[in-house]
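Each chain is listed here by its residues.
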Amino acid sequence: MLTTLDSFGPHPGGYDEHPWPGPAADAWHAVNSGTPAPDAAHRLWPHYLRRVTDWLTSGQHATTRQRADALATAHARLHTAVLTSQEPCR
(Lines give C-alpha, C1' and ligand atoms only; values in the text may rest on other atoms or scores of the structure.)
Protein backbone atom coordinates (compact mmCIF):
# COMPACT_ATOMS: atom_id res chain seq x y z
CA MET A 1 0.00 0.00 0.00
CA LEU A 2 2.81 2.43 0.80
CA THR A 3 4.37 1.83 -2.61
CA THR A 4 1.03 2.61 -4.23
CA LEU A 5 0.68 5.82 -2.22
CA ASP A 6 4.20 6.85 -3.22
CA SER A 7 3.27 6.37 -6.87
CA PHE A 8 0.40 8.88 -6.58
CA GLY A 9 2.81 11.78 -6.53
CA PRO A 10 5.52 13.56 -4.63
CA HIS A 11 4.90 14.53 -1.05
CA PRO A 12 6.80 16.73 1.37
CA GLY A 13 9.23 14.92 3.60
CA GLY A 14 9.58 15.21 7.32
CA TYR A 15 5.90 15.37 8.16
CA ASP A 16 4.82 15.55 11.75
CA GLU A 17 1.42 16.44 13.17
CA HIS A 18 2.06 20.20 13.17
CA PRO A 19 2.16 20.97 9.42
CA TRP A 20 -1.08 19.25 8.41
CA PRO A 21 -3.52 22.00 9.46
CA GLY A 22 -1.45 24.61 7.60
CA PRO A 23 -1.91 23.14 4.11
CA ALA A 24 -5.60 22.51 4.83
CA ALA A 25 -6.05 26.13 5.93
CA ASP A 26 -4.11 27.30 2.85
CA ALA A 27 -6.58 25.40 0.65
CA TRP A 28 -9.51 26.94 2.51
CA HIS A 29 -8.11 30.45 2.10
CA ALA A 30 -7.34 29.84 -1.57
CA VAL A 31 -10.90 28.74 -2.36
CA ASN A 32 -12.34 31.51 -0.20
CA SER A 33 -10.34 34.07 -2.20
CA GLY A 34 -11.50 32.79 -5.57
CA THR A 35 -9.10 30.00 -6.47
CA PRO A 36 -10.97 27.17 -8.18
CA ALA A 37 -11.44 24.27 -5.78
CA PRO A 38 -9.65 21.77 -8.08
CA ASP A 39 -6.56 24.02 -8.06
CA ALA A 40 -6.59 24.24 -4.27
CA ALA A 41 -7.09 20.47 -4.03
CA HIS A 42 -4.15 19.90 -6.35
CA ARG A 43 -1.90 21.89 -3.99
CA LEU A 44 -3.29 20.05 -0.96
CA TRP A 45 -2.86 16.57 -2.48
CA PRO A 46 0.86 16.05 -1.65
CA HIS A 47 0.27 16.97 1.99
CA TYR A 48 -2.70 14.62 2.17
CA LEU A 49 -0.66 11.76 0.73
CA ARG A 50 2.01 12.39 3.35
CA ARG A 51 -0.62 12.37 6.09
CA VAL A 52 -2.10 9.06 4.92
CA THR A 53 1.36 7.50 4.65
CA ASP A 54 2.22 8.62 8.17
CA TRP A 55 -1.05 7.20 9.48
CA LEU A 56 -0.30 3.84 7.90
CA THR A 57 3.25 3.70 9.24
CA SER A 58 2.72 5.04 12.75
CA GLY A 59 -0.67 6.55 13.55
CA GLN A 60 -2.59 3.33 13.35
CA HIS A 61 -0.47 1.95 16.18
CA ALA A 62 -1.30 4.79 18.55
CA THR A 63 -3.73 4.21 21.38
CA THR A 64 -7.27 5.49 21.06
CA ARG A 65 -6.46 8.27 23.53
CA GLN A 66 -3.34 9.31 21.59
CA ARG A 67 -5.33 9.44 18.33
CA ALA A 68 -8.09 11.47 19.98
CA ASP A 69 -5.57 13.91 21.47
CA ALA A 70 -3.77 14.32 18.14
CA LEU A 71 -7.06 14.87 16.31
CA ALA A 72 -8.23 17.44 18.85
CA THR A 73 -4.93 19.31 18.65
CA ALA A 74 -4.92 19.34 14.85
CA HIS A 75 -8.56 20.45 14.78
CA ALA A 76 -7.84 23.33 17.14
CA ARG A 77 -4.90 24.46 14.96
CA LEU A 78 -7.00 24.25 11.81
CA HIS A 79 -9.88 26.14 13.41
CA THR A 80 -7.55 28.91 14.55
CA ALA A 81 -5.79 29.10 11.19
CA VAL A 82 -8.98 29.25 9.15
CA LEU A 83 -10.81 31.74 11.35
CA THR A 84 -8.03 34.12 12.36
CA SER A 85 -5.52 34.22 9.53
CA GLN A 86 -5.96 36.43 6.51
CA GLU A 87 -2.82 35.06 4.90
CA PRO A 88 -2.03 31.46 3.95
CA CYS A 89 -0.74 29.40 6.87
CA ARG A 90 2.68 27.83 6.71
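In case you missed it, the structure is sitting above this.
Conventions we followed
Residues numbered from 1 in each chain as written. Predicted model: local features only at pLDDT ≥ 70, side-chain atom pairs only at ≥ 80, totals over all residues. Heavy atoms only, no water. Helix = DSSP H or I, 4+ residues; strand = E, 2+ residues; numbered from the N terminus. Buried < 20%, exposed > 50% of the residue type's maximum accessible area, 1.4 Å probe, protein only. Areas by Shrake-Rupley, 256 points an atom, 1.4 Å probe, with all protein chains shown as cover. Axes fitted to C-alpha atoms, helices over the stretch in contact; angles between N-to-C directions. Parallel < 35°, antiparallel > 145°, perpendicular 65-115°, else oblique. Contact = heavy atoms within 4.5 Å. Nonpolar A, V, L, I, M, F, W, Y, C, P; charged D, E, K, R; others polar. Salt bridge = Lys/Arg side-chain N within 4 Å of Asp/Glu carboxyl O.

All right, on to the overall build of the protein then. When helices and strands are tallied, the protein shows 4 helices and 0 strands. Helices and strands in the protein line up, N terminus first, as α-α-α-α. Put simply, the protein has 90 residues, and 24% of those count as buried. Just so you have it, the protein exposes about 6200 Å², and 60% of that area is on carbon and sulfur atoms.

Right, let's talk about the packing of helix H2 (residues 21-32) against helix H3 (residues 37-57) for a bit. For the pair H2 and H3, the least separation of the axes is 9 Å and the interaxial angle reads 170 degrees. Here H2 is positioned roughly antiparallel relative to H3, judged by the angle of their axes. The residues of H3 that touch H2, namely those facing Pro23, Ala24, Ala27, Ala30 and Val31, are Ala37, Ala40, Arg43, Leu44 and His47. Partitioning the contact of H2 with H3 into residue classes produces 8 nonpolar, 1 polar and 1 charged.

The topology assignment puts Val52 in helix H3. Taking the C-alpha atoms as reference, Val52 lies 8.3 Å from Leu5; in sequence the two are 47 residues apart.

Time to look at the pattern of salt bridges. As enumerated under the stated definition, the model contains 1 salt bridge in all. Linking Arg65 and Asp69 is a salt bridge whose minimum nitrogen-to-oxygen distance equals 3.5 Å. In this pair, Arg65 and Asp69 are both assigned in helix H4 (residues 64-84), 4 residues apart and thus about one turn of the helix distant. Assessed through its relative accessible area of 36%, Asp69 is described here as partly exposed.

Any functional reading would require information beyond the geometric quantities listed.
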